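Summary of structural features
Residues per chain, in single letters:
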Amino acid sequence: MSIIKVMDQRLANKIAAGEVVEKCVSVVKELVENSIDAGAKKIKIELIESGIREIKVTDDGVGMNSEDAKLAFLPHATSKLITDDDLFNITSLGFRGEALPSIASISEITLKTSTGSVGTIIHLKGGNMESVEAGDARIGTTVTVNNLFFNTPARLKHLGSLYSELANITDYINKIALSYTDISFTLINDNKVILKTDGSDNQLKVINEIYGIDVAKKMIEIKASNDDYEISGYISKPEITKSNRNHLITLVNGRVVRNIELNRVINDAYHTYKPEDKYPIVVINIGVDPTLIDVNIHPTKMDIKFSKFDALKELLKNEIKFKLNSINLIPNVKLKEDKYVSYQELSLDLSRTDNINTIDTASIVEDSTEVYHNDINLILEEHNETAKIEDKIPEMYPVGLVKGTYIVCQNELGMYLIDQHAAKERINYEYYLKSLGNPKSDAITMLIPITIEFPYNEFLIVKQNLDILKRMYFDVEELGTNTLIFRSHPIWLPEGYEEDAIRKICDILVLKEKYFDVEKFNESIAITISCKLAIKANENISHSEMETLIDDLRLCQNPYTCPHGRPTIIFYSNYDLEKLFKRSM
Ligand code: ZN
Ligand code: ZN
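Here's what I pulled together on the structure shown here. Given the structure is predicted, the values throughout are model-derived calculations rather than measurements. (Residues numbered from 1 in each chain as written. Chains lettered and ligands numbered in written order. Predicted model: local features only at pLDDT ≥ 70, side-chain atom pairs only at ≥ 80, totals over all residues. Heavy atoms only, no water.)

1. A closer look at the sheet that holds strand β5 (residues 108-114)
The eight strands lie next to each other as β7-β6-β5-β8-β3-β2-β9-β10, forming an open sheet whose pairing is mixed. Unpaired on one side and paired on the other, β7 (128-135) and β10 (192-196) mark the two borders of the sheet. Strand-to-strand twist in this sheet, taken as the mean axis angle between neighbours without regard to direction, amounts to 10°. Note: strand β3 (residues 54-59) against strand β8 (residues 140-146), six bridges, orientation antiparallel. Opposite Thr58, over in β8, you have Thr142 as the bridge partner. Each of β2 (42-48), β3, β8 and β9 (184-189) is contacted by helix α3 (residues 24-37), which is oriented at about 10° to β3, the strand it contacts most. Against the sheet, helix α7 (residues 162-179) makes contact with β2, β9 and β10, and its axis sits at roughly 170° relative to β9, the strand it touches most. (Pairing = 2+ DSSP bridges. Helix = DSSP H or I, 4+ residues; strand = E, 2+ residues; numbered from the N terminus. Axes fitted to C-alpha atoms, helices over the stretch in contact; angles between N-to-C directions. Contact = heavy atoms within 4.5 Å.)

2. Observations regarding the coordination of the zinc ion (ligand 1)
The protein atoms that coordinate the zinc ion (ligand 1) are His421 (NE2), Glu425 (OE) and Cys531 (SG), at distances spanning 2.1 to 2.4 Å. Between consecutive donor residues of the zinc ion (ligand 1), the sequence gaps follow H-x3-E-x105-C. In this model, the zinc ion (ligand 1) sits 3.8 Å from the zinc ion (ligand 2), the two metals being bridged by Glu425. Of this pair, His421 and Glu425 both sit in helix α14 (residues 420-437), four residues apart, which is roughly one turn of the helix. Given the relative accessible area of 18%, His421 is considered buried. Take Glu425: its relative accessible area is 1%, and that puts it in the buried class. (Donors = N, O, S within 2.8 Å, 3.2 Å for Na, K, Ca; no water. Buried < 20%, exposed > 50% of the residue type's maximum accessible area, 1.4 Å probe, protein only.)

3. A look at the pattern of salt bridges
In total, this model carries 20 salt bridges according to the counting rule given. Of the charged contacts, one joins Arg426 and Glu430 as a salt bridge, the two residues approaching to 2.9 Å between their closest N and O atoms. Taken as a pair, Arg426 and Glu430 lie in helix α14 at a separation of four residues, close to a single helical turn. Arg426 gets classed as buried once you look at its relative accessible area, which sits at 2%. Shared partners join several salt bridges into a network, and the residues in it are Glu261, Arg264, Asp310 and Lys313. (Salt bridge = Lys/Arg side-chain N within 4 Å of Asp/Glu carboxyl O.)

4. Here we look at the pairing of β3
The element β3 is largely enclosed, with a buried count of five among its six residues. Of the pairings in the sheet, the one linking β2 to β3 comprises six bridges and is antiparallel in character. Each residue of the ladder has a partner; that of Glu46, found in β3, is Lys56. Linking β2 to β3, which pair antiparallel, is a turn of five residues; within it Glu49 sits at a positive phi near 50°.

5. Details of the packing of aromatic side chains
Scanning the entire structure with this criterion turns up six aromatic pairs. Ring geometry for Tyr229 against Phe306: centres 6.2 Å apart, planes inclined by 65°, an arrangement best described as edge-to-face. Note that Tyr229 is positioned in strand β12 (residues 229-236) and Phe306 in strand β17 (residues 302-306), a separation of 77 residues in sequence. Accessibility expressed as a relative area gives 1% for Tyr229, which makes it buried. Residues Tyr416 and Phe571 carry aromatic rings whose centres are separated by 4.7 Å and whose planes lie at 35° to one another, so their mutual orientation is tilted. Taken together, the residues span a long stretch of sequence, with Tyr416 in strand β20 (residues 414-419) and Phe571 in strand β24 (residues 569-573) at a distance of 155 residues. For Tyr416, a relative accessible area of 2% gives the class buried. Within the aromatic cluster, the residues linked to one another by ring pairs are Tyr229, Phe306 and Phe309. (Phe/Tyr/Trp six-rings, centres within 6.5 Å; stacked < 30°, edge-to-face > 60°.)

6. Quick notes on the pairing of strand β22 (residues 475-478)
The sheet contact formed by β22 and strand β23 (residues 483-490) spans four bridges and is antiparallel. Of the residues in β23, the one forming a bridge with Glu478 is Leu484. Remark: four residues form the turn of the hairpin made by β22 and β23, two consecutive strands paired antiparallel; Gly480 in that turn has positive phi of roughly 70°.

7. Observations regarding the coordination of the zinc ion (ligand 2)
Ideal geometry at a metal centre gives angles of 109.5 degrees when four donors are arranged tetrahedrally and 90 or 180 degrees when six donors are arranged octahedrally. The protein atoms donating to the zinc ion (ligand 2) are Glu425 (OE), Cys562 (SG) and His564 (ND1), with metal-donor distances spanning 2.1 to 2.3 Å. All donors of the zinc ion (ligand 2) come from a single chain, and their spacing in sequence reads E-x136-C-x1-H. Residue Cys562 is classed as buried on the basis of its relative accessible area, which comes to 1%.

Following this line, the structure appears as structure tokens:
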């Protein structure tokens, strides 16, 4: 009996046929999702010329009988009745069969399928069924799509370069492999293996296959829950960053979603741990009762709204901050053993760039699975035993100063370099942020009051906001045209820099006028003043000043980065030093 039923018309209309197939990745997506729906545990995607010449997807799913196989190419055939709301409640991906007729109409297709008895092979060209033959009995389905858009040259032109088509496919397969960790995915382009996951239901292993061992090693496990949400997954140490947000991967009940608000929460949780224009790698699973989410689904993108979103945001932010705050984040400097160019990373970073037409395929790494096999098992073991809170900055002893900039330190583990400006900046930053957050009423009266003259427009803004300055315990008032007089200032304002600091504060006030937010205002003041007052590079400090600096750094909440997200301290282990000098091979 046929398992294909006619699809809900309303949804069918929604899935506008023209939007279903735009790029090679649309075809790959359709075929892979059909395979998942068919219960496959192994899915192999083989491409020729990034899929433009050929896309072949082979699975070990349940397969189709000859009747279903023929029906699969009729419009609006689907294996189940579905409505929008079902999509997050059911395990299937829901679009089975829907795009196949569209794909068939613009390509040449060979479908080989079998449910275990006799097999079926169907050939189609431009949507016309050219032949139906008996095939072998291997259970599962293979769909081969050749010469996409052969009969619609105008659309062929809309395809991206070989590189961008492949990047999009890689990006999609990476995400689907992270979602379905119990399915083994193999992605091959022009006989090169790009991704191979083992289907062992371990997300960190998939991360390892996508990003390589160096990244997998630096992933921190997260796990937390509240009444409505459960979160788990991996976040990168701040030293691992990417130049775009494409690596902030969130899954809701096992499906990848893109939510700008969630990305913002994740990014904010890393605030000052990394530069503002860099982003971490995260894979976060969110488990939630489907009734608490509202999904707006569209063939090419997915938007999601959460009830009790604030509770989810709190949970996520607190867990990330807690984890960043509880482990040693000093970057360990390592020699690159070989020039490992990860094709994966290139693809991911450039998947939004359509103009790159060539790629140096010679430098692409072959299947790296074997080499790193043992390493990943070690990491998996380590992950199981990391519950302890580590010392942030271990005991260490300054040895000297290089170029008046880097403090060289040592302990039994190896050598550390501290950037004295960045370190001092972090210490100052935390101090000023704290002072600004708890203003004290004891102000310092200046012997000579400071008068500042402003351009007229700025004067108006500052004048309107004098109460903000007064709440910070500045004694300030108007003094004639465009001028303010400051008679006293809060005690934390650094001696000798009073006027500079006051000017900076007024600048920030003018800048922030429109969207004034105390926290952000304090934050900008703290960053600006802490940089200004930090010891500069090329300034020699004494041995005891170095010791004080290290002690103060140790007391910081985040001693690892300056407020701009640059590292304050890096580490060379004894082992790595020995390796650098070839003392140990
Ligand atoms: Zn600075
Ligand atoms: Zn800085």
